[in-house]
Amino acid sequence: MDDPILKGILNGREAFIGPEIVQFDITNHCNNNCLCCWNNSPLLGVPDEEMRKELNNELPYELIIKTIDDLKAMGTKILFFAGGGEPFMHPRIMDILKYSKNAGMRVYLNSNFTLIDSQKAREVVEMKVDHIHVSILAATAATYVKVHPNKTENTFYTIKEMLKYIARLKAIKNQHLGGPDHPLGPLPHIGMHYVLFNANYHEIDAMVNLAIEVHADSVEFPLIDIVPGKTDTLLLGKDELNFVADELKQQVEKIDLYNPTVPVKLQIVNKELFEQRIYAVKASEGKYEDTVVTKQPCYVGWMFLRILANGNVNSCLKSHRMPVGNIYEHSIREIWDGDKQKEFREKALLHDPNDAYFNLIGNDPTCKFGCLDSCDNIKINIEMHQRYGKALKEHGKIT
């Protein structure tokens, strides 16, 4: 069998190649207090001693580099620097990005964009960082301050100018090369990442206009993933969800605009998944996956890992309460091939909603099958099912 991923899935426990995608939470330090955040929202209240310790976690440069080397040897192709904090709060972030690109990795970033100055902007363009998710949560300065209480309107305008500066750098580079240096256009691909909740949902039209103004390549509208009893006050009600659904249809029509200064069209990405979540029966309760997540097995145990700032390794983006190892104690290869990760693969492939194993998935300790609330790996699972579902049926692994 030529495909090592399919070979592993058919085995049910083993993996014969490393994870293709690894999310690296290199630091939990953050300079923002976004209302919708799991770690720093003021709605969470004053952090206790344990939480304060967690928020101070940061991986040392040497351990990050060792882990990147191990992942490269295992066949990992994509590193996504995101998670518990702001990646640009790490003192060696630019060195980490350069090392990753020099190792031949595709590099993705999730950033609030407040710490990127003109020098860093030039560097990320020159080193061809592949994709930056810009988490800005607002389309106007007034709303930006409302959803980031520790920031000023000037921060919003600075982010806008820096995004325009990157667009100019990309345009110059594209002209110098005589055409796009990548199928998606000159790098980095800039994706505007607008998490929607009841303090910003009314700005969808303005959010798309902002993306066009700063020459972004794509926009994405995930719905808020709540911390029960804390940030659930931000959930969209049924009328607000209906407004969002109508607004999305209008934006899809408007998005056909083409800006001649940008080498690709602005796209709304993952809009099919977004629509499914809007129309979920319990969307107003923050439960978005009641039909989507059970339509296919969970394959993520053969494709993905997340490494937290405390060194813990998670099998998926929602399994933070059930780590499968820690890179301070074992190498990433040992963890990937370890018994806990094998158990996750076996359990997830069966994906039995009555299995108590899944009680620890997600943020809600009262949920018996946490995958139904919000699965951040659902896009990977859908794509993998399209790729491998037929083969699993042929081998009698699924019906």
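Each remark here, short or long, concerns the structure printed above.
It should be emphasised that the depicted structure is a prediction, and the values quoted were computed from it without experimental measurement. In every chain, residue numbers begin from 1 and rise along the written sequence. pLDDT decides what is reported in this predicted model: residues at 70 or higher carry local features, side-chain atom pairs at 80 or more are listed and counted, and totals for whole chains, interfaces and linings draw on all residues regardless. Values shown for side chains rest on all heavy atoms present in the structure; no hydrogens or waters enter the calculation.

Another aspect to go through is the sheet that holds strand β3 (residues 106-111). Paired strands, as defined in this entry, are two strands with at least two bridges between them according to DSSP. By the criteria applied, helices consist of DSSP H or I runs no shorter than four residues and strands consist of E runs no shorter than two, each listed in order from the N terminus. Spatial strand order, β7-β6-β5-β4-β3-β2-β1-β8-β9-β10: 10 strands in an open sheet with mixed pairing. Every interior strand has two partners, whereas the edge strands, β7 (267-268) and β10 (325-326), have only one. In the sheet, strand β1 (residues 21-24) pairs with strand β2 (residues 78-81) via four bridges, with the strands oriented parallel. Residue pairing across strands places Val22 opposite Leu79, the latter belonging to β2. What makes two residues a contact is simply this: any of their non-hydrogen atoms within 4.5 Å. In this description, a line fitted to the C-alpha atoms serves as the axis of each element, helices being fitted only across the stretch in contact, and the angle between N-to-C directions of two axes falls anywhere from 0 to 180 degrees. Here helix α3 (residues 61-74) sits on the sheet in contact with β1, β2 and β8 (304-307), set at roughly 175° to β1.

Turning next to the pairing of β8. A two-sided burial pattern is seen for β8, the buried positions comprising Phe304 and Arg306 on one face and Leu305 and Ile307 on the other. As defined by bridge partners, β1 adjoins β8 across four bridges and the pair is classed as parallel. Counterpart to Val22 in the pairing with β8 is Leu305. Relative to strand β9 (residues 312-314), β8 is paired through two bridges, and the arrangement is antiparallel. Note that in β9 the partner of Ile307 across the bridge is Val313. Taking the residues between adjacent antiparallel strands as the criterion, β8 and β9 are bridged by four residues, where Gly311 takes a positive phi near 95°. Between buried and exposed lies partly exposed: a residue is buried under 20% and exposed over 50% of the maximum accessible area for its type, with that area taken using a 1.4 Å probe on protein chains only.

Time to look at the packing of helix α4 (residues 93-102) against helix α5 (residues 118-126). Taken N-terminus to C-terminus, the directions of α4 and α5 make an angle of 10°; their axes are 11 Å apart at the nearest point. What the angle tells us is that α4 and α5 run roughly parallel. On α5, the residues that touch Met94, Leu97 and Lys98 of α4 are Lys120, Glu123 and Val124. Class assignment for the residues of the contact of α4 with α5 results in three nonpolar, no polar and three charged. An angle below 35 degrees is treated as roughly parallel, one above 145 as roughly antiparallel, one from 65 to 115 as roughly perpendicular, and anything else as oblique. Under the convention adopted here, Pro, Cys and the residues Ala, Val, Leu, Ile, Met, Phe, Trp and Tyr are nonpolar, Asp, Glu, Lys and Arg are charged, and Gly plus all remaining residues are polar.

In this sheet, β3 lies alongside β2 in parallel orientation, the contact comprising four bridges. The residue of β3 that forms the bridge with Leu79 is Val107. Here, the term right-handed applies to a crossover whose path from the first strand over the helix to the second runs clockwise when the strands point away from the viewer. One crossover worth recording links β2 to the parallel β3 by way of α4, and it is right-handed. With four bridges joining them, β3 and strand β4 (residues 131-135) adopt parallel strand pairing. Within the sheet, the bridge partner assigned to Ser111 lies in β4 and is Val134.

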